[in-house]
Amino acid sequence: MTIALPLIEEQLKLERDQISQGLKCLTDNTIKLENKSYASATVYGIASIDSLLPLVVKRIKDTNLRIHKGHTGVAFKEIHNNLDSLEPLAAAAIACKVTFDKVFSFKEGSNYATNVCDSIGHAVEDECHIRHYENVCPGLLETLKKNYWHKSIGTQQKVVVIRTLINRYDVEHWKPWGRSIRVKLGGWLLDCIMESSGWFYRQPIREGRKTTVYVLPSPEFLDIKDEVIANAELFSPLTWPMLVPPKDWTNNEPGGYMLNEVMLGHDLVRRGDSHRIQGETPLDFLNKIQKVGYKLNPFIVEIARFLQEKGVEVGKFLPIIHYQLPPKPPNIAEDKDARKAYRRRAAEVLNKQSQQVRRSCRTRMTMKAVDKFEGREFFVPWSFDYRGRGYPIPAFLTVQDTDFGKSLIRFSNESPVTHDAHKWLAFQVATTYGLDKATWDERQQWVKDNVSLITRVAQDPIDNLPDWEGAEEPWCFAASCDEYYHCVILKDRETTGLCVSTDATCSGLQILAGLARDKRTAQLVNVLPSDRPQDAYQVVADKSKSNIPEILHEYWDRKCVKRTVMTIPYNAKPFSNRSYIRDALLEKGIEIDKDDLTITVAAVRDAMHEVVPGPMAVMKWIETEVAKSIKRGAQQLEWTTPSGFIVVQRLMKKKVETIDLKLLGRCRLSVATDDGPHVDRTRHKAATAPNLIHSLDASLLHLSVKRFDAPIALIHDSVLSRATDMSLLATIVRETYMHLFAENDFLTDFAHQIGAETDPPIIGDLEPKSVIDSTYFFC
């Protein structure tokens, strides 16, 4: 494929712009955060606090130990009275965050020592304040948080709102510490940070007749800060699609972006061993899907621009909605109550506006990409994860985007509209509307029965918005209606470039059925031919029903067990099963108590052993043999898939403490306090079966793409192609599955690769060649 020199030069300019824009975004974001006194959220703040926390925690623990032994020291009385119930990691996290925020803020006086100490003490008091309410009125606090917490901007407003509301009730109110105690406690925590790290120091500076003490970063820390930012710059370039086909990946040179070798920003295998030599087939697969060209769908672009301008949300399309501030009352200056009421109303509007900006971020970035690539053919660079699955490097305008993002793109190399293409376009219309569990004939019939609906959406999607906004995938459904209307109904479009998608049925169970040669499971997950799609979820629901509490019988269906059945092949344990089943029942308005939930989870897991015995036995065998392998001294697990991709699974133990902060950012903060040299056997046992499945479904697609000579895209274990080619692609995928498990006993091969001591549990009654005739294997 010859590429015109001007196009290459344009791509190089685009990549240089990506680098410069990425650096600018990094710099602007850092300055913006420092301006807002949020330096703890900068790249250097996050990295530094992560390494600083264990040191500060140790210092706080040492002081607590001295206090409990009866020793005396500076602020020991205040520490004992006010911080005894606050775990050291919580105190350290708050103190580190506030110190970075204040010291690196551009605000005048922010880094005065007294201001830093008072701010640390204030933040710690706010945390203790909310915890006090959790102890004295947990139910009331939970209700107020549910109704008001997420509507408030910033930690201080959250505290003020909750305190104001709780003060209206007859509960034990919080007794404020006072500035002197806050400064004393904040000063002690600041000393812990300075003495354990050497990163900050107090500096008295004479200013006229007054001496002011500042908290300043040490030269040692400034060197660390510069190094962290320099490393971040390597990964800061923006990731857009490309105007030319990406560079081929090899085992010796990086591929993807033309300047990737200079940027060193993207590896062939993410989080993998960069020195590992991968097989020829995986590399050919990656380079092949990178050469697929795309273009924007003008029908969807036009709808999106109109809805963006009007501020209308549809599905995952979330434009900014602008809220007007309420009018000020004429007596606001002299009427205190009117002024207070206005401020409350205005705060509510500003809070809603702030939430809109956050929610709309992805949509705004996507529309920015649309502006950049409208009217152009573009390509998407890909790379592997460490299991061999392919992932696009850009975050926008790829098939692995949201429903809205996917609907924006179509294959640039279109194919003639054949009679077979008519059927696949109808399939795509019905599937995206929500008939993904219906038979092939039912989907085709639904389209025939809804020609008027499809026509309305295609002809006037704005005025007929209610016809499509409630579909399962509204944007992809609208794109499908447009393509079907012009290709099949009106017939004024002779070629099609719509991305038609087919998906595996319970791919985890499909892979495990092949490994175990388990005919019973294979039948349930559409590996074997049948008149209509098989429903493993319903079978498990029916099998478990007699063993669950009778009160749940009338509500018990496939939806109650779906997520559990889906995730058990990926080693989901009873704890996560509980939340899936509880959430499914809550959607039906049913609350289940703890004991009944335990019985229900056990019933579903027992049903899985009866319904899919082969996969359950394979997973148990993998756990057992992996544990033995680690016990024998293995530092990592490694296996080569049938396509030649080498999977390296290395999981080391870390000592982790978890705290539940009520105010600062994410509720849960896990901090690695020690990187041990020991292999994490528990994580290996839990991760190996899922990773083996992922590596095999990736291998299935590596081998399938090798035989397919038409545009193709992938979403994990799903495949997308033009409607004209989908029948051929579906046949190739089925044949590849057959060859993968009929000509290879991969489970035995895997056993040899990990040094298993026992033979794998292979049932052996499945003949994989039967999959050739399965209509619903990929559907």
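Remember, it's a predicted structure, so these values are computed and weren't measured experimentally.

## Side note on a positive patch on the surface
Then, number 1: A grouping of R168, K336, K340 and R344 is seen on the molecular surface, where their side chains present a positively charged patch.
Then, number 2: Turning to its location among the elements, K336 is positioned in helix α13 (residues 336–359).
Then, number 3: Given a relative accessible area of 61%, K336 falls into the exposed group.

## Let's talk about the side chain of D680
Then, number 1: In this fold, D680 is placed in the loop between β15 (668–679) and α28 (681–706).
Then, number 2: Buried charged residue D680 carries no salt bridge. Nearest counter-charge: R683, at 4.1 Å.
Then, number 3: Only 3.3 Å separates the side chain of D680 from the backbone nitrogen of T682, close enough to count as a polar contact.
Then, number 4: Separated by 3.1 Å, the side chain of D680 and the backbone nitrogen of R683 make a polar contact.
Then, number 5: If sequence neighbours within four positions are ignored, D680 has contacts with L651, M652 and K653.

## Some remarks on the sheet that holds strand β3 (residues 269–270)
Then, number 1: Here 3 strands make up an open sheet; going across it, the order is β3-β6-β7 and the pairing mixed. Looking at which strands have only one partner, the edges of the open sheet turn out to be β3 and β7 (390–392).
Then, number 2: The pairing of β3 with strand β6 (residues 382–385) spans 2 bridges and is classified as parallel. Paired with R270 across the bridge in β6 is D385.

## Focus: the pattern of salt bridges
Then, number 1: Under the criterion given, the structure shown has 36 salt bridges.
Then, number 2: Note that R387 is salt-bridged to D385, the shortest N-O span being 2.7 Å.
Then, number 3: Residue classification places R387 among the buried residues on the basis of a relative accessible area of 12%.
Then, number 4: You can call D385 buried: its relative accessible area is 9%.
Then, number 5: Through salt bridges with shared partners, a single ionic network connects K295, R410, E414, D482, E483 and R493.

## Some points on the packing of aromatic side chains
Then, number 1: Enumeration over the complete set of coordinates arrives at 26 aromatic pairs.
Then, number 2: Between F100 and F200 the ring centres are 5.4 Å apart and the planes differ by 90 degrees, which places this aromatic pair in the edge-to-face class. One end of the pair, F100, is in helix α4 (residues 88–103); the other, F200, is in strand β1 (residues 200–207), with 100 residues separating them in the sequence. Exposure class is identical for F100 and F200. Each is buried.

## Side note on the confidence of the model for the protein
Then, number 1: Here the protein shows a mean pLDDT of 86. Residues at 70 or above account for 92%.
Then, number 2: Element-level pLDDT for the protein is lowest in β15, with a mean of 58, against a maximum mean of 97 in strand β4 (residues 293–296).

Reading the values: rules and limits
Residues numbered from 1 in each chain as written. Predicted model: local features only at pLDDT ≥ 70, side-chain atom pairs only at ≥ 80, totals over all residues. Heavy atoms only, no water. Patch = residues over 30% accessible without salt bridge, like charges linked within 9 Å, V, L, I, M, F, W, Y side chains within 5 Å. Areas by Shrake-Rupley, 256 points an atom, 1.4 Å probe, with all protein chains shown as cover. Salt bridge = Lys/Arg side-chain N within 4 Å of Asp/Glu carboxyl O. Lys, Arg positive; Asp, Glu negative; His and termini not counted. Charge placed at Lys NZ, Arg CZ, Asp CG, Glu CD. Helix = DSSP H or I, 4+ residues; strand = E, 2+ residues; numbered from the N terminus. Buried < 20%, exposed > 50% of the residue type's maximum accessible area, 1.4 Å probe, protein only. Polar contact = N/O pair within 3.5 Å; in protein donor to acceptor, adjacent residues only side chain to side chain. Contact = heavy atoms within 4.5 Å. Pairing = 2+ DSSP bridges. Phe/Tyr/Trp six-rings, centres within 6.5 Å; stacked < 30°, edge-to-face > 60°. pLDDT = per-residue confidence, 0-100.

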